[in-house]
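# Residue-level structure breakdown
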Amino acid sequence: MSTAQLYTKYTRVWIPDPEEVWRSAEIIKDYKEGDKSLLLKLEDETLCEYPIDLQNNEMPFLRNPDILVGENDLTALSYLHEAAVLHNLKVRFLESNHIYTYCGIVLVAINPYEQLPIYGQDVIWAYSGQNTGDMDPHIFAVAEEAYKQMARDERNQSIIVSGESGAGKTVSAKYAMRFFATVGGSASETNIEDKVLASNPIMEAIGNARTTVNDNSSRFGKYIQIGFDTKYHIIGANMRTYLLEKSRVVFQAKDERNYHIFYQLCASASLPEFKDLGLTCAEDFFYTSQGGDTSIDGVDDAADFEKTRHAFTLLGVNESHQMTIFRIIAAILHLGNLEIQAERDADACSISSKDEHLKNFCSLLGVEHSQMQHWLCHRKLITRAETYVKTMSVQQVVNARNALAKHIYAQLFNWIVQHINKALHSTDKPYSFIGVLDIYGFETFEVNSFEQFCINYANEKLQQQFNSHVFKLEQEEYMKEGIPWTLIDFYDNQPCIDLIEAKLGILDLLDEECMVPKGTDQNWTQKLYNQYAKHQHFKKPRMSSTSFIVLHFADKVEYQSQGFLEKNRDTVYEEQINILKASKYQMVADLFNDEKDAARTTSMGKGTAKVTVRSAIPVIKAANKECKKTVGHQFRNSLHLLMETLNATTPHYVRCIKPNDEKLAFKFDAKRAVQQLRACGVLETIRISAAGFPSRWTYIEFFNRYRVLMRKRHLSKNKKQLCQTLLEELIKDPDKFQFGCTKIFFRAGQVAYLEKLRADKFRNATIMIQKTVRGWLQRVKYKRLRQAAVIIQRYTRGHLARRLAEHLRRTRAAIIFQKQYRMLRILRAFQRVRNATITIQAFARGMFVRRIYLKILAEHKATILQKYVRGWLARTHFRRVRGATIVLQCYYRRMKARQQLKALKIEARSAQHLKKLNIGMENKVVQLQRKIDEQNKEYKLLNEQISMLTSAHSSEVEKLKKELVQYQQSHQGEGNQLVSLQEEMECLRLELEKARGERKVVEDSHVREKDLLRKRISDLEEENTLLKQEKEELKSRILCQSEVEENIQMKKELEEERSRYQNLVKEYSGLEQRYDNLRDEMNVIKQAPGHRRSPSTQSSLESDSNYPSISPSEIGDTEDVIQQVEEVGMEKAAMDMTLFLKLQKRVRELEQERSKLQTQLEKKEQERKKSQVTEMKTETTSDHEDFAYNSLKRQELESENKKLKNELNELRKAIADQATQNNSSNDIQDSYNLLLNQLKSANEELEVRKEEVLVLRTQIMNAAQQKQSGKDMVIERKSTPTNASWPNSDNHIDQEDVIEAYQGMCETNCKTEDWGYLNEDGELGLAYQGLKQVARLLEAQLQDERREHEEEVEVLRNEMNAMREEMEKQQQTFLQTLQLSPEAQWNFGLQQEITRLTNENLDLKELLEKLEKNEKKLKKQLKIYMRKVQDFEASQAMVPEERRQHERKVQVAVQRKEKHFQGMLEYCKEDEPLLIRNLITDLKPEAVSATVPCLPAYILYMCIRHADYTNDSQKVHSLLTSTINGIKKVLKKHNNDFEMTSFWLANTCRLLHCMKQYSGDVGFMTQNTPKQNEHCLINFDLTEYRQVLSHLSIQIYQQLIKVAEGILQPMIVSAVLEHESIQGLSGVKPTGYRKRSTSMAEGDTSYSLEAIIHQLNVFHGIMCAQGMDPEIMQQVFKQLFYMISAVALNNLLLRKDICSWNTGLQLRFNISQLEEWLHEKNLQQSGAAETLKPLIQAAQLLQLKKKTSEDAKAICSLCTSLTTQQIVKILNLYTPLNEFEERVTVAFIRNIQMYLQERNDPPQLLLDCKHVFAVVFPFNPSSITMDSIHLPASLNLEFLNKV
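The text that follows walks through the structure, step by step, so that each part is easy to find. All of these numbers come straight from a predicted model, not from anything done at the bench.

Tallying secondary structure elements over the chain gives 54 helices and 26 strands in all. Among the 1843 residues that make up the chain, the fraction classed as buried is 42%. Restricting to contacts in the chain with at least 6 residues of sequence separation, those with at least 24 account for 74%. Carbon and sulfur atoms make up 54% of the accessible area of the chain, which amounts to about 105000 Å² in all.

Written out as structure tokens, the structure is:
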């Protein structure tokens, strides 16, 4: 493709700009060959002319299409050059707020100067296990790639983090280590990952400081090796440090600070443990106040110091060593404040002995005060002959003091690093390691010295290694794809490195000059001029003779030679070091004991930097002063060692960029960024990539992206051939692309050309679609207008016709109205005259009739009054005579009854009388029954008489009322007054008419006013109602909101409590698992070659659990516990501490109970003594009576039993004899029926006799107790007359006679032996005694009946008296009403009637309520009886006919029924391990798949029930403990088996439900059948074991979720986000290096949505087949769908390539498939659909418009389940796949943030994928009864016996 084809009109290019570095412009005229300039239009619409260099053919850089701008990988850009890289970084940083970008193998990190929520644990786990190219660029992605390659390739890795100071190197390295500590956490309890992270605050405190460009600048380099074992868990670490800036200890530039530890210690000086340090604020010390401000905004030095101390403690530095460290640091501060006094001699000075800082310095370091005072101002000169002590000048003393301070701090720094390495060291050799190198980047300042020289030398070495690695990767990629390899020319900085480190290089000449006794910096510089005057990388400045210039790969740097020799030598006086060696503090002395006797040290500062070797290798001492290594030499050796380590590992590069020097958040300075990009090698990577084939596509991706350019006839070919054919047609130059094995490689710019062709094709198609659609819209518009005109005409014509017809109708209607009105007026006049005539006639006739009626009524009332008076006189006479007669009868009958009673008493003692009495007893009973019936009839007659009286009374009242009306009418006037009254009526009528007229006028005005008032009132009422409605609505809303908020809050609190509780259960299970593992390891270690069982292993099932024991009555029964201890044995009892504690608790409880019982006993004794005197008499009588009654009852029952036995034997003999004579079945059946009838009658008679005896006993007891009060009652009864007609009704039993009869009965009981002559068995005496008692009982019953009759009569009399009173009251009221006026009479009558009716109404209501209550009770009873009848019929129906026939043929004999299966299984104690093994440990779910679901749970409960039935607490405890331990072992063994985990979750829950259902608790038995209630536990309360099973269920549930998530999680991203369910929606964009084959894991598989749905069906089928509770299944799928939503949303939030409109549509379709699956499985109520809301809203957000403020409001109202950060993140990630889509503008995102300010969203960006909802196990009783369960033979449970 020629240049003229590329630089056409509307093409955009980049031109240089002095301020923005590069500026975008658009070509407004096509370029032609030979043109000297291009006509351009800038972005601000200004025109310019860009000159073209025709000799070099340098054209401006072409700009990439907008669709490629903002790519994750810079190598994915079609045009690769500096301008494109800078623009892409700027767009990502400012518009999308993305700080990370890939550039091939390099991760470019731009410091945002702001805390971003992208480093949490959720983000770490989101990147863990992902391919690097699948996720957005991140430091965690680089760390994950290193971790994955270490595990996959078994090769050590390195992460090289470099950049300028303030670019964020330390933070990046810290986050990389945090990733390794989280993902590769240690498997043991050493927590080595916490120690690795704890080293960060220590190293930052002692090695970081504030500079002018960074508040936390790392002033040393470090390389941390994190060691891993074979399972890739962290086991140790090691740290190497490079080039500590020691000069910062004694000097800081303006606005800079010393190391943080000095300020932290000064901020904490007020602590009591630091009082002896003599510290004050940092401003008071010279070494900490040179930079000015000693504080940093937003940094709390005191809090950071606490973190540092905590880190020291975590790394094993004890308190004494920590205090020594702080003493040394404080001593350095005091050393800087020494006051040096100059003396007269200019070469001499001194320090006062009273200097407080010198005293503090010496005391803190434990050295001699005088010696240190002397040697700080003097030095020793040693010659061959003698030694001299020489004084020093003030400047020399200051230099010596500063050198000492630097040396002390460097030694302390080395000691701390060595101690950290010791703490991080592991005894095991690491299998592999990952190194993190945090080293300084290329530096160039106004004044560059020895430190910058060393730093830039190290960067030259690193850049060389980086270039060779990039070149190597490119070569591997081309060779793998089979592309011809052409040598790519890249910058080689080996000549610059040779200039520095080769023989006679800069470093060698510097060491040589240091060895010269009087060497100077000027001499060394002159040697450099002479040696390298013609070197290509070395230059001499024009204006200076003390500096030199080195041309580095990044830039040329001018170094000032002043101070190079001194910093390279690093001299400290030997005398001062010897004083420190003699310190009384061992740690201070140890810091310098490793030093040589010479006064020089081996450490390095800035200018005197040092490389610390590994902690395990001691420092090698130099033989003498001359052979000591210089700082430069040591740094070169350590750098070579570092390069060897890096070359032996796979490197990963992180380049940190500082966007601006002002440290402002998200501000991008293009100049500073370009400088750093050039220096860090990013542009070199771009150049290498651009020299080859930077754009790479797989054949499938190329086909999906550019198939629109293909022709239909080519689509039948293979995709690879299609791609080759298309490229050959589109790109004529074959050198612009190459076909590899799996990919197509393009030169730079070719993808942009293809994108242009694709966009043109889409643009043409769009124009065609728009043309067609616009034409169709115009045609539709024309048709709509034409149809509207026709409709308007039709309606207009219709309107005119309807108006004419209306006129004709109205004319005809007016004529009809006139006719009807005239007729109506004449008709009304006629009717008026007719009605007047009729009215006059009616009044006249009525007057004559009323006169006649009143006369007849008066005569009738007189006759009625006479009748009632005569009747009343007759009745009173009759009553008086009848009363006298009754009194006489009563007295006579009582006399006769007493006589008969005495005679009966005499006769009762004779046997003949007893026989007669027995013979006539039945007749007496019949007579008594007849008398009762007659009495009832009399009672009914009395009731009828009372009703007759009430009816007569009411009729009389009505008659009186009628007479009253007649009486009133008779007094109205005579007939002669009628005429005058009529005249008066006419006058009154006239006046009335006038009044009516006036009244009409008044009424009209009143009506008008009333209408107005009504309108006003109605308006006010409407307003009032509206206000009330609004008020009620507001109230209801407020209440609803408050209730909803409270409910939500309560639900949240409940969920939080549940989640906390279940997290604790989870932690407990984890600890228990760890305990089991440790115990197993200990057992393995302790076991001998021959297997032996120790006591701990023998009782593993018993001591493995911490569950409580159970006793029959209560948990702490001491006897059972002691017995348990004796049975188990002393060894086991000693091991079970829980048993011992329970015994102690039970002993205490028994002692408390004993003390309580003693106090109660004393109280009882005192009460007994007080009441002993009063109870003596009652006790004797009551004991005697009880004894008599018991003996009587026993004798009665014995006699009845003997009789029945004799009769039964006789009948058996008779039937047997008859059966032998006649074998016919009919006789046998008749005899059998006869026997049954006799047995029934005998039983009935026995029951009657028992009841009679008991009732008689109660009568006698009552009589004895009421002896005193009975006499008074008898007297009263004698005085009252009765109306009874019974023959013996007057014969009351005297209480004395009753007591005599009772004593006589006792005597007869005592003398029953004397009656033996009457009968052998004493039956005659017993019969006589029973009949005697029965007779007395009957008489007592008669007395009761008589009393009841008397009470009823009294009630009737009271009713009659009440009715008489009412009648008298009515008569009085009647007389009073006669005296009132007629109107008052009527009102009074109405009031009386109303009161009467209300009373009757109330009575009827009460009666109705009673009847309703009775009806409800009867209905309930009827339902109960119906249920019983149904159960009885069902039980009868189950009985087979054969059994019924068999029972009919059974011989007459009492046989024992065969008992049915009671739902219990019996087993021996020895078979318990076999039961656990067959039923739990070795059981497979397939073995019981064809049986009842949860069969093992039912079997275990039946075994528990039998142990409960036998009251064996030890057996229950052992079985439940073994069951729980067995389930745990099975789950531990099959921890990744979903089917097994689900199986035991279902069985554990079913066992828990059974223990609840049959616990005997009423709350759990509401749905039980009577048969199930029989299967309840009897002796034990297993509440505590139910709690243990609940905990176990939670653990199994969590394991089930973990297994299911482990199966589903690898499928989610591929199936939900990447799979193309709707064909043709995917839009593939160009990819960079991260998608190439070398960076992808081998064997990557993709999943479809059908795979997830299939897996969900598998889960659902397994749980349904195993009988899982539906509620638990709902919670399982709710958790799984939450995980699907969380993983998909988190991946969406971390991937820019899938945040597009197409992905949103595809995602919404996939979610709808999942929702349909929920609907099919009836899981809508599970809450799983609600968990998908965030993902649904994210998909909708991708599809919504994102332009106007209305769109922003719609997004805010729709995305309620997404947080503000998630919405903004998705909008920032949104990437158009075509040029026709528009990007989301920054202003739109700002509007979204403004609208969402009121939300209180959590700061977390990602959803917590590991969040587990609190599980609830609702009670779900089973309808299966235990006796219906069958044990299959496949379970091998033959040792279980059915009970």
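Pairing within the open sheet is antiparallel, and its three strands lie in the order 22-24-23. Here the strands that pair on one side only, and so sit at the sheet edges, are strand 22 (695-698) and strand 23 (737-739). Strand-to-strand twist of the sheet, defined as the mean angle between neighbouring strand axes without regard to direction, takes the value 20°. Pairing analysis gives four bridges linking strand 22 to strand 24 (residues 743-746), with the strands arranged antiparallel.

This part covers the sheet that holds strand 19 (residues 547-551). Pairing in this open sheet of three strands is antiparallel, and the strands run 18-19-20 from one edge to the other. Every other strand in the sheet has two partners, leaving strand 18 (538-539) and strand 20 (556-560) as the edge strands with one partner each. Pairing of strand 18 with strand 19, which is carried by two bridges, proceeds in the antiparallel orientation. Its bridge partner being in strand 19, phenylalanine 538 is matched across the sheet by valine 550. On the sheet, helix 17 (residues 521-531) packs against strand 18 and strand 19 and is oriented at approximately 45° with respect to strand 19.

Turning next to the pattern of salt bridges. Counted according to the given criterion, the structure contains 28 salt bridges. Here glutamate 806 ties to arginine 810 by a salt bridge, and the two come within 3.4 Å at their closest N and O atoms. Here arginine 810 and glutamate 806 lie together in helix 26 (residues 750-908), a separation of four residues that amounts to about one turn. The class of glutamate 806 is partly exposed, set by a relative accessible area of 31%. Overlapping salt bridges bring together Glu164, Lys658, Asp661 and Arg672 as one network.

For the rest of this paragraph, the subject is helix 19 (residues 574-581). Working note: α-helix, 3.6 residues per turn, so residues spaced by three or four point in the same direction. Burial runs high along helix 19: six of the eight residues are buried. Residues Glu575, Gln576, Ile577, Ile579, Leu580 and Lys581 constitute the buried set of helix 19. Its buried side turned inward, helix 19 meets helix 11 (356-365), helix 12 (369-375), strand 15 (378-382), helix 13 (394-424) and helix 20 (586-593).

The next subject is the packing of aromatic side chains. Ring pairs (aromatic) are described by centroid distance and by the angle formed between their planes. Applying the stated criterion across every chain yields a total of 41 aromatic pairs. Their ring planes at 5° and their centres at 3.8 Å tell us that tyrosine 119 and tyrosine 175 sit as a pair that is stacked. Within this pair, whereas tyrosine 119 is found in the loop between strand 7 (106-110) and helix 3 (121-127), its partner tyrosine 175 is found in helix 5 (residues 169-183), the two being separated by 56 residues in sequence. One exposure class covers both tyrosine 119 and tyrosine 175, and it is buried. Arranged with centres 4.7 Å apart and planes meeting at 85°, the rings of phenylalanine 466 and tyrosine 653 form a pair that is edge-to-face. Pair noted here: phenylalanine 466 is in helix 14 (residues 450-481) and tyrosine 653 is in strand 21 (residues 650-657), with a separation of 187 residues, a long-range link. Note on accessibility: phenylalanine 466 and tyrosine 653 belong to one class, buried. The structure contains a cluster of three or more aromatic residues connected by ring pairs, namely Phe450, Phe453, Trp524, Tyr532, Phe538, Phe548, Tyr559 and Phe564.

Attention shifts here to the side chain of serine 162. Residue position: serine 162 is located in strand 8 (residues 157-163). According to the relative accessible area criterion, serine 162 is buried, its value standing at 6%. Within the local environment of serine 162, its side chain forms a polar contact with the side chain of arginine 655, the two groups lying 2.9 Å apart. When residues no more than four places from it in sequence are discounted, the contact partners of serine 162 are Lys169, Ile439, Val654, Arg655 and Cys656.

A contiguous patch of negative charge, built from Asp255, Glu283, Asp284, Asp293 and Asp297, is present on the exposed surface. Position of aspartate 293 relative to the elements: it lies in the loop between helix 8 (286-289) and helix 9 (301-314). Judged by relative accessible area, aspartate 293 falls into the partly exposed class, the value being 44%.

Of all seven residues making up strand 17 (residues 432-438), seven are buried, and the element is well covered by its neighbours. Across five bridges, the pairing between strand 8 and strand 17 is parallel. Across the sheet, the residue bridging to glutamine 157 is isoleucine 434, located in strand 17. Sheet analysis places strand 11 (residues 221-228) next to strand 17, joined by seven bridges and oriented antiparallel.

Residue position: histidine 1517 is located in helix 43 (residues 1513-1533). Of the polar contacts made by the side chain of histidine 1517, one reaches the side chain of tyrosine 1585; its length is 2.6 Å.

It is worth spelling out helix 7 (residues 260-267) at this point. Judged by how many residues are buried, helix 7 sits mostly within the fold: seven of eight residues are covered. Among all positions of helix 7, only His260, Ile261, Phe262, Tyr263, Gln264, Leu265 and Cys266 are buried.

Of note in this structure, tyrosine 10 is not a glycine but carries a positive phi near 75°. The topology assignment puts tyrosine 10 in the loop between helix 1 (3-6) and strand 1 (12-17). Classification of tyrosine 10 as exposed rests on a relative accessible area of 58%. Even without glycine at this site, leucine 243 takes up a positive phi of about 55°. Turning to its location among the elements, leucine 243 is positioned in the loop between strand 12 (234-242) and helix 7. Residue classification places leucine 243 among the buried residues on the basis of a relative accessible area of 5%.

What follows is about the nonpolar core. Most often, soluble globular proteins have nonpolar side chains that are buried together. Core analysis: the biggest nonpolar cluster contains 326 residues, and Phe180, Phe548 and Ile1499 have the highest contact counts within it. Dropping the residues within four chain positions of it, phenylalanine 548 is found in contact with Phe453, Ile506, Trp524, Leu528, Tyr529, Phe538, Lys539, Pro541, Val557, Glu558, Tyr559 and Phe564. Core analysis: the second largest hydrophobic core is formed by 17 residues, Trp697, Leu726, Leu727 and Ile731 among them.

Once that is clear, we can look at a positive patch on the surface. A surface patch of like charges, here positive, comprises Lys1410, Lys1413, Lys1416, Lys1417, Lys1420 and Lys1423. As for its position among the elements, lysine 1413 is in helix 39 (residues 1382-1438).

As a further point, take the environment of glutamate 443. Of note, glutamate 443 is situated in the loop between strand 17 and helix 14. Setting aside anything within four residues of it in sequence, one finds glutamate 443 in contact with Asn448, Gln452, Ile455, Asn456 and Val557.

Criteria and cut-off values
- Residues numbered from 1 in each chain as written.
- Predicted model: local features only at pLDDT ≥ 70, side-chain atom pairs only at ≥ 80, totals over all residues.
- Heavy atoms only, no water.
- Helix = DSSP H or I, 4+ residues; strand = E, 2+ residues; numbered from the N terminus.
- Buried < 20%, exposed > 50% of the residue type's maximum accessible area, 1.4 Å probe, protein only.
- Contact = heavy atoms within 4.5 Å.
- Areas by Shrake-Rupley, 256 points an atom, 1.4 Å probe, with all protein chains shown as cover.
- Pairing = 2+ DSSP bridges.
- Axes fitted to C-alpha atoms, helices over the stretch in contact; angles between N-to-C directions.
- Salt bridge = Lys/Arg side-chain N within 4 Å of Asp/Glu carboxyl O.
- Phe/Tyr/Trp six-rings, centres within 6.5 Å; stacked < 30°, edge-to-face > 60°.
- Polar contact = N/O pair within 3.5 Å; in protein donor to acceptor, adjacent residues only side chain to side chain.
- Patch = residues over 30% accessible without salt bridge, like charges linked within 9 Å, V, L, I, M, F, W, Y side chains within 5 Å.
- Lys, Arg positive; Asp, Glu negative; His and termini not counted.
- Charge placed at Lys NZ, Arg CZ, Asp CG, Glu CD.
- Core = buried A, V, L, I, M, F, W, Y, C linked by side-chain atoms within 4.5 Å.

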